[in-house]
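Fold and geometry: a report
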Amino acid sequence: MTTETHAAGPPAADITAPPTTGAPTTGAPTTGASTTAAPTTGARPSAGRELLERFPVIDGHNDLAWALREAGVADPASIDIAAPVDFTHTDLPRLLRGGVGAQFWSVYVPAQLQGESAVVTTLEQIDLVRQLAARYPGALELALTAADVKRIMADGRIASLLGAEGGHSIANSLGALRALYLLGVRYMTLTHNLNLPWADSATDEPAAGGLTAFGREVVREMQRLGMLVDLSHVAPTTMSDALDTAEAPVIFSHSSALAICDHPRNVPDAILARLAANGGVCMITFVPTFVSQRCRDWDLSLAAEMERQGLDHRDLSSRQKFKGEWVATHPRPGATLADVVAHAEHVREVAGIDHIGVGGDYDGVDALPAGLEDVSTYPALIDALLDRGWSEADCSKLTCGNLLRALHDAESAAATLQAARPPSAARLADLDS
Ligand SMILES: [Zn+2]
């Protein structure tokens, strides 16, 4: 994600439109008629929209919680997301129009936060998402298991899962990791944009060479708990070490394909090719600099100029400020929905149709591809895939089937691992000394 400061949104009424998602399954799609309400445009629902009513999107990454926190109001939980919010990519009406049936809400905190401040801020983010889920019981419910996700989606509401974005959120403590699990966190991205003492990030200088012994213990303990190991943001060496260590499926909550766009946040083919044996899922993301080489090259020139001026381009707030001026003399290219489709097709080709999902990174970026501007646009993506010849079964695997399977398999693995070993008492200082 990036940081972008917005004005607070308007107050509004309670949600009134009933959600229209149908019961999803992980198997072949049904052929039953859709019972959807009319779409807001008044036009006939598209094929993509109809498919999403039967197989809603489980999206891997959304930064609404941080966007609300940054809105500059005393109580971010007081911002009414049941009405259109004009400073975010996400609100309940748009989620429903977009056919979103489950959302991993990121409880992101900046990687510059370390130690206890990272943990406390993560707890505040968890509290915010849990307050939102409690405030809108007609639209949201906290989901802790694959069965919860299926039940809540079948009920036409949005299953709300928690994802922690970076191991700084546990301050090198497996006890803190277990506490996050108890609060509902169901994935943790091993790093954000900066290295940890025990894991290398994709966007920092190599230091550990992947995962250290403690880093591998973090992976083992996450999988013993049933928390998905998220390999977005980590270096390829860390991806590889995590896959070598893994006893359960891993995910990429918001990453695209390196072969299509040369950005270190994307996944190399050699790693994508390992997902079939692992049972994992690469949830492709829409971030323009990850999906479009033109956008990536523009961003590289911006970073080079910041470096020339002695500025830290990895500091997201400093980068955001610099970008505001840079864009005046260097027009920013845009990405398109077709760029994202190219990534979907590549991941399907290399990882396989059983190992692809979506993680838009809405509210974590300040720009999105044309056609995918906010969370209401998933039907356009599915329409495009159907136009490219994807079958309904393939699309249903991408929207929800694969992630449901991975979550279920992670739970089964956890049950086995818990019978085999107790909670880990390992400490960073002992393992990595
Ligand atoms: Zn991210």
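Calculation rules
- Counting from 1, residues in each chain are numbered in the order their sequence is written.
- In keeping with the predicted nature of the model, local features appear solely for residues at pLDDT of at least 70, side-chain atom pairs appear and are counted solely at 80 or more, and the whole-chain, interface and lining totals rest on all residues.
- Each side-chain value is worked out from all heavy atoms of the structure, with water and hydrogens disregarded.
- Secondary structure elements follow DSSP: runs of H or I no shorter than four residues count as helices, runs of E no shorter than two count as strands, and numbering proceeds from the N terminus.
- For the radius of gyration, the atoms used are the C-alpha atoms, and the globule rule reads 2.2 Å times the number of residues raised to 0.38.
- Any two residues whose heavy atoms approach within 4.5 Å at even a single point are treated as in contact.
- For salt bridges, the criterion is a side-chain nitrogen of Lys or Arg within 4 Å of an Asp or Glu carboxyl oxygen.
- Exposure categories follow from relative accessible area, calculated using a 1.4 Å probe and restricted to protein chains: below 20% of the type maximum is buried, above 50% is exposed, and the middle band is partly exposed.
- To form a nonpolar core, buried Ala, Val, Leu, Ile, Met, Phe, Trp, Tyr and Cys residues must be joined to one another through side-chain atoms within 4.5 Å.
- Values of pLDDT, which run from 0 to 100, indicate the predictor's confidence residue by residue.
- Two strands pair under a simple rule: DSSP has to find at least two bridges between them.
- The crossover handedness rule: strands pointing away from the viewer, path from first strand over the helix to second strand clockwise, crossover right-handed.

**With respect to the overall build of the chain**
- Along the chain, the regular secondary structure elements total 17 helices and nine strands.
- Computed over C-alpha atoms, the radius of gyration of the chain comes to 20 Å, within 12% of the 22 Å expected from 2.2 N^0.38 for 433 residues, which places it in the range of a compact globule.
- The principal-axis extent of the C-alpha atoms belonging to the chain is close to 65 × 60 × 45 Å.
- Partitioning the intrachain contacts of the chain with sequence separation of at least 6 by distance along the chain shows that 75% fall at a separation of at least 24.

**Regarding the pattern of salt bridges**
- By the definition in use, this model includes 25 salt bridges.
- Put simply, Arg 49 and Glu 53 hold a salt bridge, and the shortest N to O gap is 3.2 Å. You can see Arg 49 and its partner Glu 53 sitting in helix 1 (residues 47-54), four residues apart, about one turn around the helix. The burial state of Arg 49 is the same as that of Glu 53; both residues are buried.
- Between Arg 348 and Glu 345 there is a salt bridge; the shortest N-O distance is 3.9 Å. Of this pair, Arg 348 and Glu 345 both sit in helix 14 (residues 337-350), three residues apart, which is roughly one turn of that helix.
- Of the residues examined, Arg 348 reaches a relative accessible area of 26% and is grouped as partly exposed.
- Residues joined in a network through salt bridges with shared partners are Glu 141, Asp 148, Arg 151, Asp 155 and Arg 157.

**Section: the nonpolar core**
- If you look at the biggest cluster of nonpolar residues, it comprises 116 residues, and the most contacted ones within it are Val 149, Leu 190, Trp 198 and Leu 231.
- Considering each element in turn, this core owes the most residues, eight residues, to helix 16 (residues 392-420).
- Here Leu 231 is in contact with Leu 190, Met 239, Ala 242, Leu 243, Val 250, Ile 251 and Phe 252, once residues within four sequence places are set aside.
- Core analysis: the next-biggest nonpolar cluster, separate from the first, contains five residues, Trp 298, Leu 302, Met 306 and Phe 322 among them.

**Points about the confidence of the model for the chain**
- Confidence along the chain averages 91 in pLDDT terms, with 90% of residues attaining 70 or more.
- Predicted confidence for residues 2-40 stays below pLDDT 50, and this span has 90 contacts to residues more than four positions away or in other chains.

**Topic: the pairing of strand 5 (residues 185-189)**
- For strand 5, a buried count of five out of five residues is recorded, marking the element as mostly surrounded by other parts of the structure.
- The pairing of strand 4 (residues 158-165) with strand 5 spans four bridges and is parallel. Paired with Leu 162 across the two strands is Val 185, which belongs to strand 5.
- With respect to chirality, the unit in which strand 4 leads through helix 6 (residues 174-182) into the neighbouring parallel strand 5 is right-handed.
- Following the chain from strand 5 across helix 7 (residues 213-225) to the adjacent parallel strand 6 (residues 228-230), one finds a crossover that is right-handed.

**What to know about unusual backbone geometry**
- Positive phi is not limited to glycine here, since Asp 361 has a value of about 70 degrees.
- Relative to the elements of secondary structure, Asp 361 occurs in the loop between strand 9 (356-358) and helix 15 (378-387).
- Judged by its relative accessible area of 1%, Asp 361 falls in the buried class.
- The backbone phi angle of Asp 363 is positive, close to 65 degrees, even though this residue is not glycine.
- Here Asp 363 is to be found in the loop between strand 9 and helix 15.

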